[in-house]
Amino acid sequence: MPRLSEVIAALESLWPAERAESWDAVGTVVGDPGQEVTRVLFAVDPVQEIADEAVELGADLLVTHHPLYLRGTTTVAASTFKGRVVHTLIKNDIALHVAHTNADTADPGVSDALAGALDLRVTGPLVPDAADPEGRRGLGRVCELDHPLTVREFAARAAERLPATAQGIRVAGDPEAVVRTVAVSGGSGDSLFDHVRAVGVDAFLTADLRHHPASEFMADHAHRPLALLDAAHWATEWPWCELAAAQLDEISDRHGWDLRVHVSKTVTDPWTAHAASAPVLPGSASGAPSADSPGAPN
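Residues numbered from 1 in each chain as written. Predicted model: local features only at pLDDT ≥ 70, side-chain atom pairs only at ≥ 80, totals over all residues. Heavy atoms only, no water.

**Some remarks on the sheet that holds strand β7 (residues 170-172)**
Inference 1: In spatial order, the strands read β5-β6-β8-β9-β10-β7; together these 6 strands make up an open sheet with mixed pairing. Edge strands, defined here as strands with exactly one partner in the open sheet, are β5 (121-128) and β7. The sheet shows a mean angle of 25° between the axes of neighbouring strands, taken without regard to direction.
Inference 2: Bridge count for β7 against strand β10 (residues 227-231) is 3 bridges, and the pairing is antiparallel. Note on β10: the bridge partner recorded for Arg-170 is Asp-230.
Inference 3: Running at roughly 135° to strand β8 (residues 178-188), helix α5 (residues 110-117) makes contact with β5, β6 (138-150), β8 and β9 (203-207) of the sheet.
Inference 4: Contacts from helix α6 (residues 151-161) reach β6, β7, β8, β9 and β10, with the element oriented near 120° to β6. (Pairing = 2+ DSSP bridges. Helix = DSSP H or I, 4+ residues; strand = E, 2+ residues; numbered from the N terminus. Axes fitted to C-alpha atoms, helices over the stretch in contact; angles between N-to-C directions. Contact = heavy atoms within 4.5 Å.)

**Considerations on the packing of aromatic side chains**
Inference 1: The final tally for this structure, using the stated rule, is 4 aromatic pairs.
Inference 2: Measuring from centroid to centroid gives 6.4 Å for Phe-42 and Trp-240, while their planes differ by 75°, and the two rings are edge-to-face. Of this pair, Phe-42 sits in strand β2 (residues 39-43) while Trp-240 is found in helix α9 (residues 233-255), placing the two residues 198 residues apart along the sequence.
Inference 3: Classification of Trp-240 as buried rests on a relative accessible area of 0%. (Phe/Tyr/Trp six-rings, centres within 6.5 Å; stacked < 30°, edge-to-face > 60°. Buried < 20%, exposed > 50% of the residue type's maximum accessible area, 1.4 Å probe, protein only.)

**Side note on the pairing of β2**
Inference 1: Within β2, 5 of the 5 residues are buried, which leaves the element mostly enclosed by the surrounding structure.
Inference 2: Side chains of β2 alternate between two faces, with Arg-39, Leu-41 and Ala-43 and Val-40 and Phe-42 buried alike.
Inference 3: Pairing between β2 and strand β11 (residues 260-263): 4 bridges, direction parallel. Across the sheet, residue Phe-42 finds its bridge partner in β11, namely Val-263.
Inference 4: As paired strands, β2 and strand β3 (residues 61-64) are joined by 4 bridges and run parallel to one another. Opposite Val-40, over in β3, you have Leu-61 as the bridge partner.
Inference 5: The β-α-β motif built from β2, the intervening helix α2 (residues 48-57) and the parallel element β3 has right-handed crossover chirality. (Right-handed = clockwise from strand over helix to strand, strands pointing away.)

**Quick word on the packing of α2 against helix α3 (residues 81-91)**
Inference 1: Look at α2 against α3: their axes get within 9 Å of each other, and the N-to-C directions meet at 10°. It follows from the interaxial angle that α2 and α3 lie roughly parallel. Packed against α2, whose contacting residues are Gln-48, Ala-51, Asp-52 and Val-55, the element α3 presents Phe-81, Arg-84, Val-85, Thr-88 and Leu-89 at the interface.
Inference 2: Taken together, the residues of the contact of α2 with α3 break down into 5 nonpolar, 2 polar and 2 charged. (Parallel < 35°, antiparallel > 145°, perpendicular 65-115°, else oblique. Nonpolar A, V, L, I, M, F, W, Y, C, P; charged D, E, K, R; others polar.)

**As for the sheet that holds strand β1 (residues 27-30)**
Inference 1: Across the sheet, 5 strands lie side by side as β1-β4-β3-β2-β11; this open sheet has mixed pairing. Every interior strand has two partners, whereas the edge strands, β1 and β11, have only one. Each strand axis lies, on average, 25° off the axis of its neighbour in the sheet, ignoring direction.
Inference 2: Running at roughly 155° to β2, α2 makes contact with β2, β3 and β11 of the sheet.

**Considerations on the packing of α5 against α9**
Inference 1: For the pair α5 and α9, the least separation of the axes is 7 Å and the interaxial angle reads 100°. Judged by the inter-axis angle, α5 sits roughly perpendicular to α9. Contacts between α5 and α9 involve Val-110, Ala-113, Leu-114 and Ala-117 from the first element and Thr-236, Glu-237, Pro-239, Trp-240 and Leu-243 from the second.
Inference 2: Looking at the contact of α5 with α9, its residues break down into 7 nonpolar, 1 polar and 1 charged.

**Things to note about unusual backbone geometry**
Residues other than glycine predominantly adopt negative phi, and peptide bonds predominantly adopt the trans conformation.
Inference 1: A cis amide bond links Asp-107 with the next residue in sequence, Pro-108, at an omega value of 0°.
Inference 2: The topology assignment puts Pro-108 in the loop between α4 (101-104) and α5.
Inference 3: Phi at Asp-208 is positive, roughly 60°, even though this residue is not glycine.
Inference 4: Summarising the element assignment, Asp-208 is placed in the loop between β9 and α8 (211-220).
Inference 5: Given a relative accessible area of 35%, Asp-208 falls into the partly exposed group.

Here you go:
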């Protein structure tokens, strides 16, 4: 069986820590470099449910996409929820390793996995990494569909192919517009709007789109329809767990490690329910509450 230090070295070869953004917190959070590793669990979030799942599974190593401590801390007391995660992992000899923005820009990376889940053909990065002479690494991906779809049909494909969440898929734009090319970015993507404009795709699928940036983006594209598809943050990054697990499986086979590699299917998206608005009636000026409605302003 390999030591933790050997497995971490393999993971660092896939997602070198130096390729993470300067503000990020990646790498090994807890773990004894000399401990043996036989079972590994991949997940998006290092939350208590995932730590408990790792314990139940008998994992020696938990690999997550999101950092546990992104902004630093002065305590790991079990009276805090993050401290409780640390205590759970250490008490059960489970190491924690994080690959975040260094996995976002990797080749293949988070957005490649997202494109694969949507059955899209990747043509290149949305924001190329200038340090990559082959032009394959970088944030987001520019993709082509196997055949044209309407925005409505593409949204339905995304809702079907991505893990189910309370949010589903929100759409901005003409539902009947034709989509042939798509930009995708796992996780929060409205900081990439300028790059989406530059590549001239028909749609952009990402997560965490905010009101004002989305509104301004759509207004800027009134002359050239371009749809926005907003999925749940967790759902757009979960496919990477399967990709990463397959990559570690291949390394394990090559080294004769016989690791047992698992992907958590626990939904750690924070939103748990969705109540759809009532449809706008034909002839109605808007979906705003009428003056007589309980929700109308005074």
